[in-house]
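# What the coordinates show
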Amino acid sequence: MRVIRKALIAAFVLSLSFQFFMPSSAYGFDSKKVIIFIVDRVNLNDYLSNNLPTIRYLMENGTYGLMTVNSDGAKTPENVYMTLGCGTRAVGSEKAFLNFNASELVYGESAASVFKRNTGLKPQFYNIVNLDIAQIERNNLLRNHIVIPGAMGNLLENTGKKIAVLGNEGNTIEPKRYAPLIFMNEKGIVEFGDVSDSVLKRDVMSPFGVSTDYEFLYQKYLELKDKMDLIAFQLGDTLRANDYQRFAMDRINEKYRKKALREADSFIERVIKEGDSNTLYIVLTPLPPSKDMSLKSYLTPFILFGPGFTEGYAISDTTKRTGIVTNTDFMPTILKYLGIPIPAYVTGHPVYNSGVKGSPQELLRESEKLVFNYSSRPLFLKAYGIFQIGTFILIGFAAFLLKKYSHYSKYLLFFMSAMPLSFLLLPLFNCYTFMKAVFFLLVISVVLVFTLGKIVQYGYSFYFWISLATASVLMVDLATGQHLLKNSLLSYDVIAGARFYGIGNEYMGVLIGATFCFTAFLFEKFSKKTALFLAFFIYGLVLFFIASPALGAKVGGAITGFVAFGISILLLSDKRIDAKKISFIAVSILMLLAVLFYVDYLKPLSQQTHMGQTFALVKSHGFKALFQIFERKLLMNYKLIKYSIWSRVLLALSAILIFLFFAVREVFIEVLKEHPYVFKGGISTLVGVLMALAFNDSGVIAASTMSVFFGPLFLHLVIDKLKRG
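Going along each chain's sequence as written, the residues are numbered from 1 onward. Whole-chain, interface and lining totals are the exception, using all residues; otherwise, since this is a predicted model, local features are given only for residues with pLDDT of at least 70 and side-chain atom pairs are given and counted only at 80 or more. Based on all heavy atoms of the structure, the side-chain values leave hydrogens and waters out of the count.

## Quick word on the overall build of the chain
Note the threshold: Elements are defined by DSSP. Helices are runs of H or I of four residues or more, strands are runs of E of two residues or more, and each kind is numbered from the N terminus. Every accessible area reported is derived by Shrake-Rupley at a probe size of 1.4 Å, with residue values counting cover from the shown protein chains alone.
For the chain, the helix and strand inventory stands at 28 helices and 17 strands. Summed over all atoms, the accessible surface of the chain reaches about 31,500 Å², with 64% contributed by carbon and sulfur.

## What about the pattern of salt bridges?
Pairs can form between side chains of opposite charge whenever their charged atoms are close. Selection criterion: For salt bridges, the criterion is a side-chain nitrogen of Lys or Arg within 4 Å of an Asp or Glu carboxyl oxygen. Only protein chains enter the accessibility calculation, which uses a 1.4 Å probe. A residue is then buried if its area is under 20% of the maximum for its type, exposed if over 50%, and partly exposed in between.
The final tally for this structure, using the stated rule, is 24 salt bridges. Salt-bridge contacts for Glu 109 lead to Arg 117; the nearest nitrogen and oxygen are separated by 3.1 Å. Close ionic contact of Asp 720 with Lys 410 constitutes a salt bridge, the shortest N to O distance being 3.1 Å. One end of the pair, Asp 720, is in helix H28 (residues 710-724); the other, Lys 410, is in helix H15 (residues 410-425), and 310 residues separate them in sequence. We classify Asp 720 as buried; its relative accessible area is 16%.

## Overview of the nonpolar core
Our working definition: Throughout this description, the term nonpolar core refers to a set of buried Ala, Val, Leu, Ile, Met, Phe, Trp, Tyr and Cys residues connected via side-chain atoms within 4.5 Å. The contact rule is simple, with two residues in contact once any of their heavy atoms fall within 4.5 Å.
Phe 423 and Tyr 507 are the most contacted members of the largest nonpolar core, which totals 105 residues. Considering every element that reaches this core, the biggest residue donor is helix H18 (residues 505-525), with 13 residues. Leave out the neighbours within four places in its chain, and Phe 423 touches Phe 380, Tyr 384, Leu 441, Ser 488, Leu 489, Leu 490 and Tyr 507.

## Concerning the environment of Lys 369
Topologically, Lys 369 is positioned in helix H14 (residues 360-401). Residue classification places Lys 369 among the partly exposed residues on the basis of a relative accessible area of 26%. With near-sequence residues (within four places) excluded, Lys 369 lies in contact with Asn 430 and Tyr 432.

## A look at the sheet that holds strand S8 (residues 189-190)
Going by this rule: By definition, two strands form a pair when at least two bridges between them are found by DSSP.
Strand order in the open sheet formed by three strands is S3-S6-S8, with antiparallel pairing between adjacent strands. Every interior strand has two partners, whereas the edge strands, strand S3 (99-101) and S8, have only one. Note that S3 and strand S6 (residues 128-130) share three bridges and pair antiparallel. Along S6, the bridge assignment pairs Phe 100 with Val 129.

## Remarks on the pairing of strand S1 (residues 33-38)
One face of the sheet, then the other: side chains in a regular strand alternate in exactly this way. Here S1 lies mainly inside the structure; six of its six residues are buried. What you see with S1 is no split at all: Lys 33, Ile 35 and Phe 37 on one side and Val 34, Ile 36 and Ile 38 on the other are buried throughout. Of the pairings in the sheet, the one linking S1 to strand S13 (residues 279-284) comprises six bridges and is parallel in character. The partner of Lys 33 across the bridge, within S13, is Thr 279.

## What to know about unusual backbone geometry
Phi angles above zero are rare outside glycine, and Arg 41 is one such case at about 60°. Note on placement: Arg 41 falls in the loop between S1 and helix H2 (44-49). The backbone of Tyr 107 sits at a positive phi, close to 50°, despite the residue not being glycine.

## Some details on the environment of Met 419
Its place among the elements puts Met 419 in helix H15. Each C-alpha atom, one on Met 419 and one on Tyr 384, is 8.3 Å from the other, the two residues being 35 residues apart in sequence. Every residue in contact with Met 419, bar those within four places of it in the chain, is listed here: Tyr 384, Leu 441 and Ser 445.

## Some points on helix H11 (residues 250-273)
Selection rule: To estimate how far a helix should reach, multiply one less than its number of residues by 1.5 Å.
For H11, which comprises 24 residues, the first-to-last C-alpha distance of 35 Å matches the rise-based estimate of 34 Å (1.5 Å per residue) to within 8%. Regarding H11, the residues found buried are Asn 253, Tyr 256, Arg 257, Ala 260, Leu 261, Ala 264, Asp 265, Phe 267, Ile 268, Val 271 and Ile 272.

## Brief notes about the side chain of Arg 177
The following threshold applies: Polar contact is the term for a pair of N or O atoms within 3.5 Å; when the atoms are in protein, one must be able to donate a hydrogen and the other to accept it, and sequence-neighboring residues count only if both atoms are side-chain atoms.
One can find Arg 177 in the loop between strand S7 (163-166) and helix H8 (180-183). Judged by its relative accessible area of 4%, Arg 177 is buried. At 2.7 Å, the side chain of Arg 177 forms a polar contact with the side chain of Glu 104. Polar contacts involving the side chain of Arg 177 include one to the main-chain carbonyl oxygen of Val 195, which spans 3.1 Å. Here Arg 177 is in contact with Phe 97, Asn 99, Phe 100, Glu 104, Asn 168, Glu 169, Val 195, Ser 196 and Asp 197, once residues within four sequence places are set aside.

## Some thoughts on the confidence of the model for the chain
Where we set the bar: How sure the predictor is of each residue is captured by pLDDT, a score from 0 to 100.
When pLDDT is averaged along the chain, the result is 88; 87% of the residues meet or exceed 70. This model gives residues 1-29 a pLDDT under 50, and the stretch forms eight contacts once residues within four places in sequence are excluded.

## Description of the packing of helix H17 (residues 462-479) against H18
Formally: To obtain an axis, a line is fitted to C-alpha atoms, over the contacting stretch when the element is a helix, and the angle between two such axes runs from 0 to 180 degrees between their N-to-C directions. If an angle is under 35 degrees, it is roughly parallel; if it is over 145, roughly antiparallel; if it lies from 65 to 115, roughly perpendicular; otherwise it is oblique. Here a crossing is called left-handed whenever its near helix is offset anticlockwise from the far helix by less than a right angle, and right-handed whenever the offset is clockwise.
Here H17 crosses H18 at 135°, and the two axes come no closer than 8 Å. The angle between the axes of H17 and H18 places the two elements in the oblique class. Classified by chirality, the crossing of H18 by H17 is left-handed. Every residue of H18 that contacts H17 at Tyr 463, Phe 464, Ser 467, Leu 468, Thr 470, Ala 471, Leu 474 and Met 475 is listed here: Tyr 507, Val 510, Leu 511, Ala 514, Cys 517, Phe 518 and Phe 521.

## Concerning helix H16 (residues 434-456)
For H16, spanning 23 residues, the distance from its first C-alpha to its last is 33 Å, which sits close to the expected 33 Å at 1.5 Å a residue. Listing the buried residues of H16 in full gives Ala 437, Leu 441, Ile 444, Ser 445, Leu 448, Val 449, Leu 452, Gly 453 and Val 456. Gln 457 sits one or two residues past H16 and shows a positive phi near 55°.

## Comments concerning the pairing of strand S14 (residues 299-305)
Along S14, seven of the seven residues are buried, which leaves the element largely enclosed by surrounding structure. Here S14 shows a buried face lined by Leu 299, Pro 301, Ile 303 and Phe 305 and a second buried face lined by Thr 300, Phe 302 and Leu 304. Sheet analysis places strand S2 (residues 63-68) next to S14, joined by six bridges and oriented antiparallel. Of the residues in S14, the one forming a bridge with Tyr 64 is Ile 303.

Printed below as a string of structure tokens:
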């Protein structure tokens, strides 16, 4: 019996040993793995213009696209790598690249000793440690939203996943080891890997005289592949080729770049051949080449190859744009693949296949369009703002000194009000060079002004028709996929990353302002009862288009529209505005928002907009998260009021109206008496302006564009009155 008992105990121990050392797949457990190849400082054209058979194969058979490279600060490696590992915009620190094997020597002492001195924690000899984790943590505590440094590592480790990082991008001048920032835990530790200089080899004909030792990396991979759930390779050579450009001739730099890409391609092929069908392979580029960044080309290629990622463009519910995702989508993609719940503070969404195959060449052309919009948008908007300010100054000068000729300035006001529609229609003409965009923008505006001007004899009803046309085109575009809004120079853009779908602040202001303008004219053309019914219906329809998560998805716009439309109905129906009515409007908007947020929250995570995400964030982290959102909006408004051209436009319009009130007081008052509903529409617009400033993170923009119809309309009426004497 004793022999049998010993045999059973031995068998049990042996069984436990096998379970510990053997891969989990041998026992039928979930054996999903993720392998990531970081090929930094390259662009999509590098993949298309070089002979890279593995990359080409992965793009032909996997899911690929372009990724934004934003962070909560500058587009620097420390900030962008931290963002990738946090799932929300984050920042690093000046010394964030100080990642070392715990056993390495750093200035004569072990990295483990330095780490323990900085954190009070003793790492294992096989850990990778970040020596500046304390400053990274402090920097992210200052953010006005929830950021958890080490989020990726925490979530994987808490579910029993093993992580390893291999490789570095350092050189003989300075250490560069950013990859652990993505995968470390909140303590600043990556459990396994090797980022020491052992992964490099001397190579006198490579940038800085070193290159990645791919044979060493491969042997490390063979040691770890059955024990790890996630392995990340920092291939390094492409980044060194990028950083060496200031030392070598252009033709030599190109040679180094091509060599780095070929060797990375060969290594990726070698690793994939050793993998299995349950492995997700990701080719990731955190930052574009330095030259691209100088040209504001901030989109990088990525590839997903493995289960669920078949041939075609990528998409995520962050952007809802085929072929385009954000770097905050990287972390939730990995979490979803490994079956780990995605926390509410993560602002990104998992990447999935869009079902659209397309081609890399088409995606490259789309990238060029997006880069053009991003780089040219400030120039066009500044020019439009200066045009408005110049027109206001000219009108003030003419009204005071040249009343006889002031009516000629009306044509400038027509152009001012026609511009939002011109900007909206411009994408129809595929204008993605500067001169072509300028030409077609002017042509569209001239056609609009000339055509409508002829119909209405250049009278003040021009503003009715242009506002009606603008609002109609906007709502049709919202209902049909926002193809114009997503590409307009007056709208949001992907690379900036503030908004990717729905209606932005610029056109939210335009839509509300246009609605007030054409509804005011209804009261001049129809009976009060009929006009009031139409206005009520139109306000409800516009509010639905702005607030609906499936259309405008604009929370601040919903508040702005609800309050301003409510005040407008009271004014147009000659109701007295008192505290009771204002309280009713306030309670109603709170109820409306609660319903919108909750209904969106009930949708599957992949279908939620930022409304549902905000509800989940408040539910999991309390009202502190909501206050952080308000703080972020206030800070953005302050920044825009201080620096933006839109604040100058709003100030210039206010100044000219005040000036005219005192300079031609009698004319000003007569206009108000002759057009009482225009006056009421103007008051409603003013309420909208104040609400936009209070409840939108770029409220000064919405406030300025909201005035683009009523401001010119009222100035037109004053000029007409001056002409008649």
